[in-house]
Amino acid sequence: MTETVNIHEAKTHLSRLLDKVSQGESVIIARSGQPIARLSRFESPQPGTSERVGFLKGQIEVPEDFDRLGGQAILDAFQGEDPNASAP
């Protein structure tokens, strides 16, 4: 169940609210009865788990000319030339 508290109560009881959040509950902070923020648990990766960066290392090969692929089409686009346009 989500608890809603006003700003003053959130400041006064921040430690108690963070204990609830750490157990998986959400807390809504309101000003004059209008919700303005939500406290929720931060899910950090478990120690020893790998990051997604580099997850395909060794599984794919990047072509030597990768940084030049589509170079002429990009150049034409910057120069205002449309290779798909028909000549007048």
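Residues numbered from 1 in each chain as written. Predicted model: local features only at pLDDT ≥ 70, side-chain atom pairs only at ≥ 80, totals over all residues. Heavy atoms only, no water.

Undergrad: Can you lay out the sheet that holds strand 2 (residues 27-31) for me, pointing to particular residues and giving the numbers?
TA: Pairing between the strands of a sheet comes from backbone hydrogen bonds, and it takes one of two forms, parallel or antiparallel. If you walk across this open sheet you meet the three strands as 1-2-3, and the pairing is mixed. Here the strands that pair on one side only, and so sit at the sheet edges, are strand 1 (3-6) and strand 3 (34-39). This sheet shows a mean twist of 35° between the axes of neighbouring strands, independent of strand direction. Taken together, the four bridges between strand 1 and strand 2 define a ladder with parallel strand orientation. Residue pairing across strands places Thr4 opposite Ile28, the latter belonging to strand 2. The sheet strands contacting helix 2 (residues 14-22) are strand 1, strand 2 and strand 3, and the helix crosses strand 1 at an angle near 160°. (Pairing = 2+ DSSP bridges. Helix = DSSP H or I, 4+ residues; strand = E, 2+ residues; numbered from the N terminus. Axes fitted to C-alpha atoms, helices over the stretch in contact; angles between N-to-C directions. Contact = heavy atoms within 4.5 Å.)

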